[in-house]
Amino acid sequence: SSRRGHQHKARSISILPSAVAMAALPKLSMEDVAKHNKKDDCWVVLYGTAYDLTKFGKVHPGGANLVFENAGKDATAVFDPIHPKDIMAKLLKPSLTMGEVDPATIRPEHVSQLPKKEEHKKKKKAAPAAGAAEEVEFLKPPLAAMLNTFDFESVARETMEPQAWGYYSS
């Protein structure tokens, strides 16, 4: 009986490796991260954490330029619409997590922005009966009208950012 109680007690004590790793990360200023802004020295901040993506950038499925053009910056706004939040923890070795960035040190010039949406992409040329082409704004159909994956794919193609659509459709 006392043996069973001892085993139960031992099992109830657990330390989550991710919690330990998070506590051990050094604090960085955004100025420190901004120095790593080249292809051969590329740090990128995502959700407040700096990662060394120098090697990963070369094999990034969406292309190396997407990583390297965000070197030394907080790329969360560019990253978030395309990737799950926990993907870095799944793909990268812990040694490539460089530290937590002090949010007070992040200035607007340190933050990557999504490209501005171009209004003409949301409009399609339609050929009316008279033969002259006119632009028609894309309107999402009601969810109840979408019956299969083709319907969802058609709407996604029209509404997603080009980079996000490229990633999901590949």
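Preceding block: the structure.
In this report, the structure presented in the accompanying data block is examined.

Calculation notes
- Residues numbered from 1 in each chain as written.
- Predicted model: local features only at pLDDT ≥ 70, side-chain atom pairs only at ≥ 80, totals over all residues.
- Heavy atoms only, no water.
- Helix = DSSP H or I, 4+ residues; strand = E, 2+ residues; numbered from the N terminus.
- Buried < 20%, exposed > 50% of the residue type's maximum accessible area, 1.4 Å probe, protein only.
- Phe/Tyr/Trp six-rings, centres within 6.5 Å; stacked < 30°, edge-to-face > 60°.
- Core = buried A, V, L, I, M, F, W, Y, C linked by side-chain atoms within 4.5 Å.
- Contact = heavy atoms within 4.5 Å.
- Pairing = 2+ DSSP bridges.
- Polar contact = N/O pair within 3.5 Å; in protein donor to acceptor, adjacent residues only side chain to side chain.

Another point: unusual backbone geometry. Residues other than glycine seldom take positive phi values, yet Tyr 47 does so here, at roughly 55°. Positionally, Tyr 47 belongs in the loop between strand 3 (41-46) and strand 4 (49-52). Accessibility expressed as a relative area gives 27% for Tyr 47, which makes it partly exposed.

Position of Lys 85 among the secondary structure elements: in the loop between helix 6 (76-79) and helix 7 (87-91). The exposure class assigned to Lys 85 is exposed, which follows from its relative accessible area of 59%. A sequence separation of 38 residues divides Lys 85 from Tyr 47, and the C-alpha atoms of the two residues are 8.1 Å apart.

The subject of this paragraph is the packing of aromatic side chains. Under the definition given, this model contains one aromatic pair. Judged by centre distance (5.9 Å) and plane angle (80°), the ring pair of Tyr 47 and Phe 79 falls under edge-to-face. One end of the pair, Tyr 47, is in the loop between strand 3 and strand 4; the other, Phe 79, is in helix 6, and 32 residues separate them in sequence.

With that out of the way, let us pick up the nonpolar core. Core analysis: the biggest nonpolar cluster contains 14 residues, and Cys 42, Val 44, Leu 46, Tyr 51, Leu 53, Met 88 and Leu 92 have the highest contact counts within it. Among the secondary structure elements, those contributing two or more residues to this core are strand 3, helix 5 (64-68) and helix 7. Looking at this core, the element that brings in the most residues is strand 3, giving three residues. Once residues within four sequence positions are removed from consideration, Leu 46 is found in contact with Tyr 51, Ala 75, Thr 76, Phe 79 and Met 88. Ranked by size, the runner-up nonpolar core spans seven residues in total, among them Leu 28, Met 30, Val 33 and Trp 43.

Relative to strand 6 (residues 97-101), strand 1 (residues 27-28) is paired through two bridges, and the arrangement is parallel. Its bridge partner lying in strand 6, Lys 27 is registered against Glu 100. By the bridge criterion, three bridges tie strand 4 to strand 6 in an arrangement that is antiparallel. In the strand pairing of strand 6, Tyr 51 is matched with Thr 97.

Here we come to the side chain of Thr 76. Among the structural elements, Thr 76 can be located in helix 6. With a relative accessible area of 17%, Thr 76 lands in the buried category. A polar contact of 2.7 Å, which involves the side chain of Thr 76, links it to the side chain of Asp 74.

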